[in-house]
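Fold and geometry: a report
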Amino acid sequence: MTDGNGALTFPCPPSHPRVSGRAELASAFVSIIDGSGHPASLAFDLPAADGDLEFSVAAGRAYNAINYGGPIAALRFGVTRSPVGVQLDAPGLPALGARYAPDHDRIEATSAAIDSYPFEEAFFKVLHEYGHAFHYVAIEPWGSYTCRNGTHAFETENSLSCAFVEGFAHFFAAWIGGSRLDSDEALPNAASDRVLEENLYRGRLSDGARTPGVVAALLYDLADGADSPDGPGNTANGDDDPISVGGADLVSVIRGCRLVPPSGCPVVDRLDGADQLIACAEGDPAASAAGRRWRSYQAVESSSAPIGGDRAALRSLWLRDLYGEN
């Protein structure tokens, strides 16, 4: 039997005082995999009332974070995905490397990328990578993903696709992890829901649509509501955004939109930029004219146009979040 803290006990009768077997870290949301690609497991042969099975800190943290976030994500976004594999110490990663590998549909990370950070940062990092896995499988594979020089920072301008993909994962981790995230700083490896509510990644001269942390703040403002605990100390301080639509509507916009570019170019049906998300959310190709160096389209075919039913409120929100315009 397993209790609420994950402790496993075996109610053995006195006639059978020993128990043996093999334990794996696997659930409906995640499966921990070792560096060689096999399920992480521990064999045991113990007296029924003696001994503990101890997986590594990294394995336990990854397992705990995704088991916490998986059910919340399914509820808030209204979609689910199959269990994701988390391969620890996958070959070829840098010392503190962590990534989602869509070709294999698994999260790959070194143990040090998870167990060498304070708990809150490690928790956020795991949920960030799970956000990529959730986005790609449960919602929609992104159309492209390229970051300048192969790297990104949440407060620094990058490509449209890098800001969109990384911004979604950053938003996902902050929104889904909310009550476990107390930091009020925009850290290099973590953020809280309050950080996104206050949009601390936005720079005065930066292009918000190309800045991952700012795209995350926009997505958060679209999804959160008046009861979101994004005030100091995870208190619900009310929602000051002109529009709030929720996670399921975000899924509908991303999944249900096709963008028709100028003649001769292929139709876009997998989004890879905040400019495309906004055009789809407004249901209007003219939205690109209000952005900064955005791609242009002749038509938008969307199943929810405009999102939330109020194009003016939506435009007011994204102009404020991305560019600081009131």
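Residues numbered from 1 in each chain as written. Predicted model: local features only at pLDDT ≥ 70, side-chain atom pairs only at ≥ 80, totals over all residues. Heavy atoms only, no water.

Observations regarding the pairing of strand E7 (residues 257–260)
- Because side chains alternate across E7, one face comprises the buried residues Cys-257 and Leu-259, and the other comprises Arg-258 and Val-260, none of which is buried.
- Examined bridge by bridge, E7 and strand E8 (residues 299–302) share four bridges and lie antiparallel to one another. Bridge pairing links Arg-258 to Glu-301 in E8. (Buried < 20%, exposed > 50% of the residue type's maximum accessible area, 1.4 Å probe, protein only. Helix = DSSP H or I, 4+ residues; strand = E, 2+ residues; numbered from the N terminus. Pairing = 2+ DSSP bridges.)

Observations regarding the pattern of salt bridges
- Under the definition given, this model contains 14 salt bridges.
- In this structure, the salt-bridge partner of Asp-272 is Arg-295, at a minimum N-O distance of 3.0 Å. With Asp-272 in the loop between E7 and helix H8 (274–282) and Arg-295 in the loop between H8 and E8, this pair connects stretches of sequence that are 23 residues apart.
- Under the relative-accessibility criterion, Asp-272 is labelled buried at 9%.
- Salt-bridge contacts for Glu-325 lead to Arg-292; the nearest nitrogen and oxygen are separated by 2.2 Å. (Salt bridge = Lys/Arg side-chain N within 4 Å of Asp/Glu carboxyl O.)

Side note on the packing of aromatic side chains
- Counting across every chain of the model gives 19 aromatic pairs.
- Of the aromatic side chains, those joined through ring pairs into one cluster are Phe-77, Tyr-130, Phe-134, Phe-168, Phe-171, Phe-172 and Trp-175.
- For the cation-ring pair, Arg-76 lies above Trp-175, with the distance from its terminal atom to the ring centre recorded as 5.0 Å.
- We note Arg-292 situated over the ring of Tyr-323; from NZ or CZ to the ring centre the distance is 4.2 Å. (Phe/Tyr/Trp six-rings, centres within 6.5 Å; stacked < 30°, edge-to-face > 60°. Lys NZ or Arg CZ within 6 Å of the ring centre and 35° of its normal.)

Some points on the sheet that holds strand E4 (residues 84–88)
- Strand order in the open sheet formed by four strands is E2-E4-E6-E5, with mixed pairing between adjacent strands. Edge strands, defined here as strands with exactly one partner in the open sheet, are strand E2 (30–33) and strand E5 (98–101). The sheet shows a mean angle of 20 degrees between the axes of neighbouring strands, direction not considered.
- Looking at chain direction, E5 and strand E6 (residues 106–109) are connected through four bridges and run antiparallel. (Axes fitted to C-alpha atoms, helices over the stretch in contact; angles between N-to-C directions.)

Some thoughts on helix H7 (residues 247–255)
- Considered for burial, the residues of H7 that qualify are Gly-247, Leu-250, Val-251, Val-253 and Ile-254. Buried residues of H7 fall within an arc of 165 degrees about the axis and therefore sit on the same side.
- Buried positions along H7 lie against helix H1 (57–77), helix H3 (119–139), helix H4 (160–177), helix H6 (212–223), E7 and H8. (Arc of directions from axis to C-beta. Contact = heavy atoms within 4.5 Å.)

Quick word on the state of the cysteines
- By the definition in use, this model includes two disulfides.
- Each disulfide pairs two cysteine sulfurs, and for Cys-147 the partner residue is Cys-162, the sulfurs being separated by 2.0 Å. Measuring the twist about the S-S bond at about 85 degrees, one finds the Cys-147-Cys-162 disulfide to be right-handed. One end of the pair, Cys-147, is in the loop between H3 and H4; the other, Cys-162, is in helix H4, and 15 residues separate them in sequence.
- Classification of Cys-162 as buried rests on a relative accessible area of 0%.
- The partner cysteine of Cys-257 in its disulfide is Cys-280, sulfur to sulfur 1.9 Å. Measuring handedness by torsion sign, the sulfur bridge of Cys-257 and Cys-280 sits at about -80 degrees and is left-handed. (Disulfide = S-S within 2.5 Å.)

Function cannot be inferred from these measures alone, as they are strictly geometric.
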